[in-house]
Amino acid sequence: KIFKGSEDASAFVAKEIADLIKKRASDGKHVVLGLATGSTPTRVYAELVRMHKKEGLSFKNVFTFNLDEYFPMPPDSLQSYVRFMNEHLFNHIDIPKQNVHIPDGTLPKEQVAEYCRNYEKKIDDLGGIDIQVLGIGRTGHIGFNEPGSTEKSFTRLVTLDQVTRIDAASDFFGEENVPRKAITMGVGTILKAKRTIMMAWGEGKARVIKKAVEGPITDQIPSSFLQKHDNCLVVLDEAASSEL
Ligand code: GLP
């Protein structure tokens, strides 16, 4: 779905999320959202906050699982995804604290594998992710599933691609400060979601969007696996769609 600009596009995505939350609430049921960080989803979160404040949209029946976190990463650090999510969304809505899940960047390394298995289990125990929101990285990554990530990959510790670390350099005041690793949901975790919505804005994403949407399905562009998902929506602004 191509919009003129990212503002209309973000409002469209936020409305889809809000409609599901309201429908489930009226049936006395919960919703599980898979959430992403980065600049791409910030307007969706701002719109959800607006709906909470102005229209009374409640998040009391919502559970969230974030895609990824740098490793290691203290939660109060400027670059932490915990901090990002709190600032952009969680601090401004009525979601119960215990419903929020973000991969833990403070674990001792030997506990990470078990933690990741448990992350998957928690998602499954809640009935799976209803809507997974995604951005896309320049390497074609979704979450931090860099080239080489297979269709059957699940939540795990990964090594970041050089291109991703260069793209994150300004956030960390230099590439040398960007962590080399991250915990991310896998491509397999993402493909299990009932609905996936990948968003991209701006000319800078046009090349990788072409590869993800129209190129061959390959682990060299992990987002291309979304072509196999039977309920995937790609939401673009005109600039990001310019090479399609
Ligand atoms: C990071 C995140 C991804 C995100 C990507 C794109 O790598 N881990 O989930 O999709 O950045 O970021 P942006 O939306 O700022 O372009």
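Not measured: the values here are computed from a predicted model.

Draft legend 1. Representation of the overall build of the protein chain in the model. Of the regular secondary structure elements, the protein chain holds 7 helices and 10 strands. Radius of gyration (C-alpha) of the protein chain: 17 Å, near the 18 Å computed for a compact globule of 244 residues. Seen through its C-alpha atoms, the protein chain measures out along the principal axes to roughly 45 × 45 × 35 Å. Out of the 244 residues in the protein chain, the part that is buried amounts to 42%. In the protein chain, of all internal contacts separated by at least 6 residues, the share reaching a separation of at least 24 is 80%.

Draft legend 2. Broad picture of helix α2 (residues 42–55). Between its first and last C-alpha, α2 extends 19 Å over 14 residues, near the 20 Å set by a 1.5 Å rise per residue. If you check which residues of α2 are buried, you get Arg-43, Val-44, Tyr-45, Leu-48 and Met-51. Taken together, the buried residues of α2 touch α1 (6–26), α3 (81–88) and β6 (131–134). Downstream of α2 by a residue or two, Gly-56 has a phi angle that is positive, lying close to 75°.

Draft legend 3. Summary view of the site of the ligand. Around the ligand, 13 residues are found, and the nearest of them are Gly-38, Ser-39, Thr-40, Gly-135 and Gly-137. Residue composition of the shell around the ligand, grouped by class: 4 nonpolar, 8 polar and 1 charged.

Draft legend 4. Spotlight on the UniProt feature "domain: Glucosamine/galactosamine-6-phosphate isomerase" (unreviewed entry) in the protein chain. The positions that UniProt labels "domain: Glucosamine/galactosamine-6-phosphate isomerase" (unreviewed entry) are, in the present scheme, residues 7–231. The span residues 7–231 shows a helical share of 34% and a strand share of 15%, and its end C-alpha atoms are spaced 23 Å apart.

Draft legend 5. Seen up close, the sheet that holds β6. In spatial order, the strands read β1-β10-β9-β6-β2-β3-β5; together these 7 strands make up an open sheet with parallel pairing. If you trace the sheet from one side to the other, it starts and ends with β1 (2–3) and β5 (100–101), each paired once. Summarising the sheet, strand β2 (residues 31–35) and strand β3 (residues 62–66) pair through 5 bridges and their orientation is parallel. Considered in β3, the bridge of Val-31 is made with Val-62.

Draft legend 6. Looking closely at the sheet that holds strand β4 (residues 68–71). Pairing in this open sheet of 3 strands is antiparallel, and the strands run β4-β8-β7 from one edge to the other. Only two strands of the sheet have a single neighbouring strand rather than two, namely β4 and β7 (156–159). Direction aside, neighbouring strands of the sheet carry axes that sit 30° apart on average. In this sheet, strand β8 (residues 181–184) lies alongside β4 in antiparallel orientation, the contact comprising 4 bridges. Within the sheet, the bridge partner assigned to Asp-68 lies in β8 and is Thr-184.

Draft legend 7. Focus on the UniProt feature "active site" (unreviewed entry) in the protein chain. UniProt feature "active site" (unreviewed entry): in the numbering of this structure it lies at Asp-68, His-141 and Glu-146. The greatest C-alpha distance among the residues just named is 12.2 Å, despite their covering 79 residues of sequence, which places them together in space. Examined against the element boundaries, Asp-68 turns out to sit in strand β4. In this structure, Asp-68 is in contact with Tyr-81, Pro-103, Gly-143, Phe-144, Ala-182, Ile-183, Thr-184 and Met-185, ignoring residues within four places of it in sequence. When you line up the elements, His-141 lands in the loop between β6 and β7.

Draft legend 8. Focus on the confidence of the model for the protein chain. On average, the protein chain scores 98 in pLDDT, and the residues at 70 or more come to 100%. Interface predicted TM-score (ipTM) for the complex: 0.95; the corresponding pTM is 0.98.

Draft legend 9. Expanded view of the packing of α1 against α2. Running from N to C, α1 and α2 point in directions that differ by 55°, and their axes come no closer than 8 Å. Considering their axes alone, α1 and α2 lie oblique with respect to each other. Judged by the twist between their axes, the crossing of α1 over α2 is right-handed. Facing α1, whose interface residues are Ser-6, Glu-7, Ser-10, Ala-11, Val-13, Ala-14, Ile-17 and Ala-18, α2 presents Arg-43, Val-44, Glu-47, Leu-48 and Met-51. Across the contact of α1 with α2, the residue classes break down as 8 nonpolar, 2 polar and 3 charged.

So, how was this worked out
Residues numbered from 1 in each chain as written. Predicted model: local features only at pLDDT ≥ 70, side-chain atom pairs only at ≥ 80, totals over all residues. Helix = DSSP H or I, 4+ residues; strand = E, 2+ residues; numbered from the N terminus. Rg over C-alpha atoms; globule rule 2.2 N^0.38 Å. Buried ≥ 20, exposed ≤ 12 C-beta atoms within 10 Å, placed from the backbone. Contact = placed C-beta atoms within 7 Å. Expected span 1.5 Å × (residues − 1). Near = placed C-beta within 6 Å. Nonpolar A, V, L, I, M, F, W, Y, C, P; charged D, E, K, R; others polar. UniProt positions renumbered as here; feature names shortened; annotations may be inferred. Pairing = 2+ DSSP bridges. Axes fitted to C-alpha atoms, helices over the stretch in contact; angles between N-to-C directions. pLDDT = per-residue confidence, 0-100. Parallel < 35°, antiparallel > 145°, perpendicular 65-115°, else oblique. Left-handed = near helix turned anticlockwise from the far one by under 90°.

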